[in-house]
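Architecture and fold: a report
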Amino acid sequence: PRSLWLRLRVPFQISRGFVQAENERAIIELVLSQAMDVTGAAGASFVPLDERGQPLGAIRQGDFPFPLPDAWLEYLASPSIRQQCNACKNHGNVMKSCPLLNGPLSQVVGLYCLPLRRKDLDLGVLNLYLPDEKKIVPDTQDFLHSLIDETALALEGVRLRSRELAIIRQSQAVRQRVDLP
């Protein structure tokens, strides 16, 4: 019973956090911390993509055994790399030989890569950086894929709400300008 509660606690915390989140960053920070807790990853990063598919500022958490410059994170979200990622068959696997891991990062960590997509819209790329000996068991992989799906829905909801508020503000401004005394 206690272990069942511990397993159910994470989805409840995530669900509550998604409902309370006021912006995309709050959602992503919650996802990064929960993904690290569940997998034992040393660090996690997320590069959000705007509606045109352009990378926004990277969000990261954890301890990284190497310097992790923003340029590296943005590189992972660049259009040419995303195109390679979309064709990749390694999603959901811990990789030691990802073709994107070049130079000093080539053998430092295990990389677990999860692109966030909602229908045909790319929302970002989540990367978990795992210690050498760390593996992700199938149940945890299933949980991560569900988490990614729920995160994509939550991000889409926040974006839709932002658009809705912008439209409301615009219509109020137009109404104020055209109101005759």
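The coordinates are above.
Below you will find a few notes about this structure.

1. So, the environment of Thr151
Along the chain, Thr151 turns up in helix α5 (residues 138-178). Through-space distance from the C-alpha of Thr151 to that of Arg117 is 9.4 Å; in sequence the pair is 34 residues apart. Looking at Thr151, its side chain comes within polar contact range of the main-chain oxygen of Leu147, at 2.6 Å.

2. Observations concerning unusual backbone geometry
For Lys119, which is not a glycine, the phi torsion comes out positive at approximately 55°. Take Lys119: it is sitting in the loop between β4 (110-118) and β5 (121-130).

3. Side note on the pairing of β4
Counted residue by residue, β4 has seven buried out of nine residues, so it is predominantly covered. Between the antiparallel neighbours β4 and β5 lie two residues, among them Lys119 with a positive phi of about 55°.

4. Brief notes about the nonpolar core
Most often, soluble globular proteins keep nonpolar side chains buried together rather than apart. Ranked by internal contacts, the top residues of the largest apolar core, which has 30 residues, are Ile27 and Leu144. Secondary structure elements with two or more residues in this core: α1 (2-20), α2 (24-39), β1 (43-48), β4, β5 and α5. In contact with Ile27, other than residues within four places in its own chain, are Phe18, Ala21, Thr151, Ala154, Leu155 and Val158.

5. Some thoughts on α5
Because the α-helix completes a turn every 3.6 residues, residues three or four places apart line up on one side. Helix length check: α5 (41 residues) gives 60 Å between terminal C-alpha atoms against 60 Å at 1.5 Å per residue, within 8%. For α5, the full list of buried residues reads Thr140, Leu144, Leu147, Ile148, Thr151, Ala152, Ala154, Leu155, Val158 and Arg159.

6. Things to note about the pattern of salt bridges
With the rule as written, the count across this model stands at six salt bridges. The salt bridge involving Glu29 is made with Arg25; its shortest N-O contact spans 2.9 Å. Of the two residues, Glu29 and Arg25 both sit in helix α2, four residues apart, roughly one turn of that helix. The partly exposed category is assigned to Glu29, whose relative accessible area is 32%. We note a salt bridge from Arg118 to Glu156, for which the minimum N-O separation is 2.8 Å. Within this pair, whereas Arg118 is found in strand β4, its partner Glu156 is found in helix α5, the two being separated by 38 residues in sequence. Assessed through its relative accessible area of 26%, Arg118 is described here as partly exposed.

Criteria and thresholds
Residues numbered from 1 in each chain as written. Predicted model: local features only at pLDDT ≥ 70, side-chain atom pairs only at ≥ 80, totals over all residues. Heavy atoms only, no water. Helix = DSSP H or I, 4+ residues; strand = E, 2+ residues; numbered from the N terminus. Polar contact = N/O pair within 3.5 Å; in protein donor to acceptor, adjacent residues only side chain to side chain. Buried < 20%, exposed > 50% of the residue type's maximum accessible area, 1.4 Å probe, protein only. Pairing = 2+ DSSP bridges. Core = buried A, V, L, I, M, F, W, Y, C linked by side-chain atoms within 4.5 Å. Contact = heavy atoms within 4.5 Å. Expected span 1.5 Å × (residues − 1). Salt bridge = Lys/Arg side-chain N within 4 Å of Asp/Glu carboxyl O.

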